[in-house]
Amino acid sequence: MKRTGHTKFVRSIMVLAGIVFLMSAILLLFYENNRVEGSRDITMRTPVAAEHHVLFLSSYGPQYFTADDQEAGLAESLYPHGVEFDTVYMESKLHPSEEEELAFYDLLAVRLSNAARNYEAVIAGDDAALEFVLKYRDGLFAGLPVVFFGINDLSLAERASKEPLTAGLYENNYLGDTLSLAHELFPGAKRFVSLHDDSAAGREDNRLFYLFAKAYSSIEFTDLNSQELSHTELMSELEALPEDTVILFMTCYTDRDGHVHSVREMTSAVALHTHGLPVFRNYTGGEGEGVLGGVVMDFVEHCRLAGEMVNKSIDGEDISDLRLEITTPGRTEIDYALLEHYGLLKHELPADTIYINRPESFISRYRNIFLPVILMLAALILFFVSVEISNRALQHSADELRASRDDLRESQEQLKQRAEYDDFLHIMNRRTITEHLHNDFTRDSVYTVMMADLDKFQSVNEDYGHKMADEILKYLTTLIKELCDKNGWLVGRYGGDEYLFIVPGVQLTAEHALTQMLLTLFRMPVPAGEMEARLSASVGISVSDGETTPEQHIINAEIAMYDAKDRGRDRAVLFAEETKAKMREENRIKGKLTEAFQKDGFYMVYQPQIDAKTKEVSGFEALVRMREQGIYPGQFIPVAEANGWIWRIGRITTRLVIEQLAAWRDAGITLHPVSINYSSNQLNDTGYLDYVEALLKKHDIPPQYLEIEITEGIFLDRTAQANHLFDRFKELGIRLLMDDFGTGYSSLGYLTYIPVDVIKLDKSLVDAYLVDGKDSFVRDVILLVHDLGKEIIIEGVEEEWQYERLREFGANTIQGYYFSKPLPPEEAIQYNAK
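What counts and what doesn't
- Residues numbered from 1 in each chain as written.
- Predicted model: local features only at pLDDT ≥ 70, side-chain atom pairs only at ≥ 80, totals over all residues.
- Heavy atoms only, no water.
- Helix = DSSP H or I, 4+ residues; strand = E, 2+ residues; numbered from the N terminus.
- Buried < 20%, exposed > 50% of the residue type's maximum accessible area, 1.4 Å probe, protein only.
- Contact = heavy atoms within 4.5 Å.
- Salt bridge = Lys/Arg side-chain N within 4 Å of Asp/Glu carboxyl O.
- Lys, Arg positive; Asp, Glu negative; His and termini not counted.
- Axes fitted to C-alpha atoms, helices over the stretch in contact; angles between N-to-C directions.
- Parallel < 35°, antiparallel > 145°, perpendicular 65-115°, else oblique.
- Left-handed = near helix turned anticlockwise from the far one by under 90°.
- pLDDT = per-residue confidence, 0-100.
- Pairing = 2+ DSSP bridges.
- Arc of directions from axis to C-beta.
- Phe/Tyr/Trp six-rings, centres within 6.5 Å; stacked < 30°, edge-to-face > 60°.
- Core = buried A, V, L, I, M, F, W, Y, C linked by side-chain atoms within 4.5 Å.

Each helix and strand in the protein was counted, giving 30 helices and 27 strands. Taken over 834 residues, the protein has a buried fraction of 45%. Nonlocal contacts in the protein, meaning residues at least 24 apart in sequence, comprise 71% of its contacts between residues at least 6 apart.

Take a look at the structure:
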């Protein structure tokens, strides 16, 4: 009995010790995992409310190789001080001309005058931004402190630091240290060659390069200016360099033809065409892609110091007294793989050198888990001994513990899989595939273009819901991609449920086996929850003929696709065989249009426009329909345009809308503005404005209840005829809306001067950018439109989450099937979004 009690006591002690060892090992592993993978994330800061705002003017764009480090350094010093910064990119490398500089000035002036925030300081990043600030300080930034950083031109930095309320940092490029490092590693080199361009940084680099040449009398110093050569000529010069050459790759991004290359592009090109010559660099960028190394500046620290200067200015200190900082901590970076390739030794490098592409040794990789492993082994031994002296119950408990551990691992794998799942279609978009067709195929190429549109897919949305319809579309796209990969086709998403196929080397027909294979794929049942969805597609085909341009083949394929739909869907139609039938159909529509003009054959439907904040109806868009069954706007509008009848439809829709407004008013119903579409082909209807004015007076309708939607092309042409039209609309008190913004030129710059009151953001931009990781673009467009004193309507909103996000972004008005489809007038006026 006593021995049994002693055995139980020993067993309990061993189990307890094993548990302690195991838990210690797990805690150590958990700590090491968080320390290695998330050490930067777990650094806690006390949240500080943003009480101050400054403007950060960057010389380049968000893709520039130092952009992320610059913003990280500023955030590190400004955010804890309660300072928030707004970034504006000049893109000076892409837009270097004086005319583009003035356009940027105009845009910035408008934005600053309309911005809701008052900036307390200006940060200028790199030379172009500082020169811009100094040049236009009185007009744009009068009385504001200016802090600059990243200035390559020392004379510019010294001149700026003498200005009142101005301080900053000169960018030390560490060229001398990099040359010294290159000489130490390659003492047998006979020549140093610098690669640079004519930018401010490039000229300063080259000046210092030859200045340091005095210290290396036995080495020939020469340079290659990329802006004096085409890209091809520069690569030829690099290939001709002898083997005893060391290359200094400095600021070198622009060639003679004005092409601006990224750091990655230039690094890859230099590494490819120098055939193993050592390449050094005195700036970050290019690490691990062909640059052996160099001494570079710590841009994060550089910008953090600039942020500290901004904090001092906001705290009331006169930064004019601060001296110009010309030294920022640097670091030595070396590609370990190239170091071994050249047979160089680590002891020749500084002790604090940062190595890239360095393989980990077994000890360095696993040293942090040695102690946890020992503890786990000790725990296992203790558990084993305790199991051996335990009974079957303890053995059963151990088995359950192992089963539980396996379940935990399986759950972790499932969570990881779901977290890594990509829910995009993974095929090219419309722009990309059309560019492929334009760039890779000529009139003489042999190929086939096919356009496929899912038949009645809107009914799938209605029957299964938008979420399930999206899943059906993704599943189908996976099957399509497998077919295309197997046969060497190109496929892209041309529209919501439209696909564009390019089949190289083959001229297909509707009966061809490959065409029928595609149709069979579309007919395959697709899982839809517990059911199966049955789909089909209409396919239009256009084949190369040595005459038709690739772009025209897309149009031909689309025409053939609509012919396939008219012929009953679920089939393929070859354009060349069906042209006469298409012409007959167009003639039929022309006849129906003629009847409609004579017999009141048109009517209007109204799609509600909803106030994003209150969910109240704020207006309607009027859309024209034909009473003739089976003829839709997408069919009769192009025919009317082509035959010069669109002005008649324009007058009819205007009359019907004004009469409807009068009917609503007479019925005692509160009126809301109604917008009608205006075609560019209506410009030739010179009596239209008098017609509108007469109708408004006849029915006693105030002009603010009629709005005109005009596409951006008319605004951009700015003809005398168009300008007269805009002026007359304004005189009548009729507001102008820009329709389909985002489908054409879509530059933000021209919004500052066009005579428009409301911008309508097209559904294509909502679909493309209102997604995680890209939706900041939509938010910025809304903010810019508001800064310019205009309203914005978002079209094509079909989901609740889209509406919620757009409401958070400050959109004024929402239009789309999430709230309502176009309705007859009696239903539209009674519509209540709430």
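Past the structure itself, the notes keep going.
Counted by the stated rule, this structure contains 40 salt bridges. The partner of K474 in a salt bridge is E471, with the nearest N and O atoms 3.5 Å apart. With K474 and E471 both in helix α18 (residues 466-487), this residue pair falls 3 residues apart, about one helical turn. Judged by relative accessible area, K474 falls into the buried class, the value being 18%. Accessibility expressed as a relative area gives 36% for E471, which makes it partly exposed. Residues D570 and R523 are paired through a salt bridge, measuring 2.8 Å at the closest nitrogen-oxygen approach.

This next bit is on the side chain of R137. Assignment of secondary structure puts R137 in helix α5 (residues 137-140). Here R137 occupies a buried position and makes no salt bridge, while the nearest side chain of opposite charge, E163, is found at 4.3 Å. Contacts of R137, omitting those with residues within four sequence positions, involve A142, L144, P145, V146, E163, P164, L165 and T166.

Right, let's get into the packing of helix α28 (residues 775-787) against helix α29 (residues 800-809). The N-to-C vectors of α28 and α29 enclose an angle of 45°; their axes lie 9 Å apart at closest approach. Relative to α29, the element α28 is oriented oblique. Considering only the axes of α28 and α29, their crossing is right-handed. Across the interface between the two elements, D775, V778, R779 and I782 from α28 touch R805, L806 and F809 from α29.

Turning next to the confidence of the model for the protein. Caution applies to low-pLDDT regions: their predicted coordinates should not be interpreted in detail. For the protein, the mean per-residue pLDDT works out to 86, and 90% of the residues sit at or above 70. A low-confidence stretch, residues 36-47 (pLDDT under 50), is modelled with 4 contacts involving residues beyond four sequence positions or located in other chains. Here residues 414-423 is a poorly scored stretch, pLDDT under 50, and it has 1 contact once near neighbours within four places are set aside; other chains count.

Once that is clear, we can look at the sheet that holds strand β4 (residues 146-151). With respect to topology, 5 strands assemble into an open sheet ordered β2-β1-β3-β4-β5, the strand pairing being parallel. Bordering the open sheet on either side are β2 (83-89) and β5 (166-170), each of which pairs with just one other strand. The average undirected angle you get between the axes of adjacent strands in this sheet is 20°. Across 4 bridges, strand β1 (residues 52-58) lies against strand β3 (residues 122-125) in parallel orientation.

If you trace the 8 strands once around the closed barrel, you get β20-β21-β22-β23-β24-β25-β26-β27, paired in mixed fashion. The pairing of strand β20 (residues 602-611) with strand β21 (residues 617-626) spans 9 bridges and is classified as antiparallel. Directly across from Y603, in β21, lies its bridge partner R625. This element, helix α23 (residues 646-666), spans β20, β21, β22 (674-678) and β23 (706-711) of the sheet and lies at about 65° to β20.

This paragraph deals with unusual backbone geometry. Generally, phi is negative for residues other than glycine and the peptide bonds are trans, each holding for most cases. Although it is not a glycine, D570 sits at a positive phi angle of roughly 50°. Locating D570 in the fold gives a position in the loop between α20 (550-566) and β19 (572-574). The phi torsion at K615 lies on the positive side, around 60°, for a residue other than glycine. Within the secondary structure, K615 sits in the loop between β20 and β21. Given the relative accessible area of 25%, K615 is considered partly exposed.

Turning next to helix α6 (residues 154-161). Where α6 is concerned, the buried positions are L156, A157, A160 and S161. Buried residues of α6, viewed axially, fall in a sector of 130°; they line one side.

Attention shifts here to the packing of aromatic side chains. Enumeration according to the criterion identifies 32 aromatic pairs in this entry. Centre to centre, the rings of Y499 and F522 are 6.2 Å apart; their planes meet at 50°, and the pair counts as tilted. One end of the pair, Y499, is in strand β15 (residues 498-504); the other, F522, is in helix α19 (residues 513-523), and 23 residues separate them in sequence. Where F597 meets W645, the ring centres are 6.0 Å apart and the plane angle is 90°; that geometry is what we call edge-to-face. Here F597, found in helix α21 (residues 575-598), pairs with W645, found in the loop between α22 (633-642) and α23; they are 48 residues apart in sequence, far enough to count as distant.

Tracing the sequence through the fold places L144 in the loop between α5 and β4. We classify L144 as buried; its relative accessible area is 17%. Taking the C-alpha atoms as reference points, L144 and E120, 24 residues apart in sequence, are found 6.3 Å from one another.

Turning our eyes to something else, we now look at the nonpolar core. Among the nonpolar cores identified, the biggest contains 80 residues, and L593, F602 and I794 are the most heavily contacted of them. Take this core: its biggest share by element is 9 residues, from α23.

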